[in-house]
Every structure is written in structure tokens, then in C-alpha cells.
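What follows is each chain in one-letter form.
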Amino acid sequence: VKVSFEVFPPKDGNISKLFDELRILKKYNPQLVSLTYGANGGTRDFSLELLRTILDLELNVMPHFTCMCSSKEIIEHYITQIENMGIENILALRGDKIDGDELCTVDFRYANELVDFIHQKTTLSIGVAGYPEGHIEAESLDMDIDNLKRKVDAGASAIFTQMFFDNNKFFEYVQRIRDAEIYLPVIPGILPVRSLNQMDKMISMARISVPKSLRTQLEQFPDDVKKIGTEFAINQCGELIDSGVCGIHFFTLNHSDQVCQVLDNI
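Rules behind the numbers
Residues numbered from 1 in each chain as written. Predicted model: local features only at pLDDT ≥ 70, side-chain atom pairs only at ≥ 80, totals over all residues. Heavy atoms only, no water. Buried < 20%, exposed > 50% of the residue type's maximum accessible area, 1.4 Å probe, protein only. Helix = DSSP H or I, 4+ residues; strand = E, 2+ residues; numbered from the N terminus. Pairing = 2+ DSSP bridges. Right-handed = clockwise from strand over helix to strand, strands pointing away. Expected span 1.5 Å × (residues − 1). Arc of directions from axis to C-beta.

> I keep staring at the pairing of strand 7 (residues 186-190) and nothing clicks. Help me out?
On a regular strand, each side chain points to the face opposite its neighbour's, so the side chains alternate between the two faces of the sheet. Taking burial as the measure, the five residues of strand 7 include five buried ones, the bulk of the element. Along strand 7, one buried face is formed by Val186, Pro188 and Ile190 and the opposite face, lined by Ile187 and Gly189, is buried too. In terms of strand pairing, strand 6 (residues 158-163) meets strand 7 through three bridges, oriented parallel. From the neighbouring strand, Phe160 faces strand 7, where its bridge partner is Ile187. In terms of handedness, the path from strand 6 via helix 6 (residues 167-179) over to strand 7 forms a crossover that is right-handed.

Structure follows, in C-alpha cells:
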């Protein structure tokens, strides 16, 4: 099964540790490494430097791009830069709300508008986000899938899902997507839990359910959180592979250890 890894620009600016981790992960021959660029696009210039350095490691890289607070001119300049670097993939996202309820919009309100713009202007392969339990702002999963359909119709070529811990939610989601006549590859996003606080922080910002058995284990054995998280991810990935997924996208949190253990066991 093909694998891909998500990393983010280190908050402390220390990229040497990130590259040490990427060198370790490189042995698994990832399809690509996706790079976020921090909250609200604030580290976009730093991300461009990181993209160049990741390319120097001979890894296929997929930058994230959000359209919040970005004009068409800024976006066109950015996508021209990454195409000139030889990058072929981009993950197009709307982006999070910024400090309050109002969306900061310039030329784009929704991800499908960004997808359409990139599709018209470039030959980039465009990934989009999917939400197995629905986007936190969507009134229903059906409405969320309608939004996904808009992104697909605008020119998306693959769907990378938000993390989830219940495979049945993913299987049901894929079935509903297919029922909506969306036939793109759907790549499940997997997070090997490193810390209970970190997990709770991440799921507080999204619609993600945690199986009671997993939460109970994590709370009962606080010293073994990483071990429990890794074993859960191994079982989760094994079931996904048995179901025939085309790939698995790991949220690494800039650490290779757990992802290595998962991959070595599947």
C-alpha cells in the first residue's frame, strides 16, 4: 500500500530535527510528503524554503495551500513558484477561521473556488480534504459531501481525509461518497496518538469521535500513551489495508518513531 506523511514547519524554526525525521521516513518510499504552512498561512515564505529543502532530500512534496485572506494575485504568484520548483501536487484548503467568527475573505470564500482557480491556472494535481464525520461547520454529513462534490467538480484529483479513529466511520463515508458519484481515490488520514492532551486539542477543533475503549486505555495508562496509540494505529491500518484502501496518509506531528513502528508491523 502506498504511504504519505504530513509534516509542518517547526514552530522553533529548527528544521534540522525535522529533516532527520524525514530521512528516517524516506526508507518507506513515500508517495509524497505533505507540508502544512501553519495557522492562517502565516509561515508561507518559510514553507517555500522548507519545500526546497525537502525536494533536496529527493522526496515528492505536496504543499498545503489555504485561500483564507489571500488574493488571486498572491495565490497565482505562489502556485507559479511551486510549479517552477518542479512540484506537481498541491492540497487545496479553505483554511481555518481566524480569531473570531468572521472569515477573512479576499477573493475566495470556499475551497472549491480555490480548486477551480488552481485547476484553470496550472497543471498541478490537486488534493482536497474529506471529513469522514463531516466538517465541524457543516450542518450534516450530506451537506459536507455536497461541498466535497463541488471541490471534485472544480478539478480535484484525490481526497485526503481528516484523521479518524473509527474505521467504520471511514467505510460508511466512502460508501456515501460513491453513492454521490464521486469516484476519486480516498486516502485515509491516520494519527498515531502521542499524547492525550494533544489528541483532545486536535479533536476539539474538528468533528472526530474517539472509541470509548481507546479513550479508557489512554486515561488508565498515562505512562503508556505512545505505546497504546501505536498499537491502535497498527490495528487500524491493518483493517484499512485489508479493506483495499489505495494508500494511507500519516499525520506524523514531525516524529518518525511511531509511524516507523506502525509501518514495520503492517
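That was the structure; now back to the text.
> It is not clear to me how the environment of Gln217 should be interpreted in this structure. Could you clarify?
Inspection of the secondary structure assignment puts Gln217 in helix 8 (residues 212-220). Residue classification places Gln217 among the partly exposed residues on the basis of a relative accessible area of 37%. When the C-alpha atoms of Gln217 and Ile228 are compared, they prove to be 7.4 Å apart, with 11 residues separating the residues in sequence.

> Teacher, can you tell me more about helix 6 here?
Residues three or four positions apart in an α-helix share a direction because the helix packs 3.6 residues into each turn. Look at helix 6: 18 Å from first C-alpha to last across 13 residues, which is about the 18 Å you get at 1.5 Å a residue. All of the buried residues in helix 6 are Asn167, Phe170, Tyr173, Val174 and Ile177. Down the axis of helix 6, the sector holding all buried residues measures 115°, keeping them to one side. Glu181 occupies a position one or two residues after helix 6 and carries a positive phi of about 65°.

Keep in mind these numbers describe shape, not what the thing actually does.
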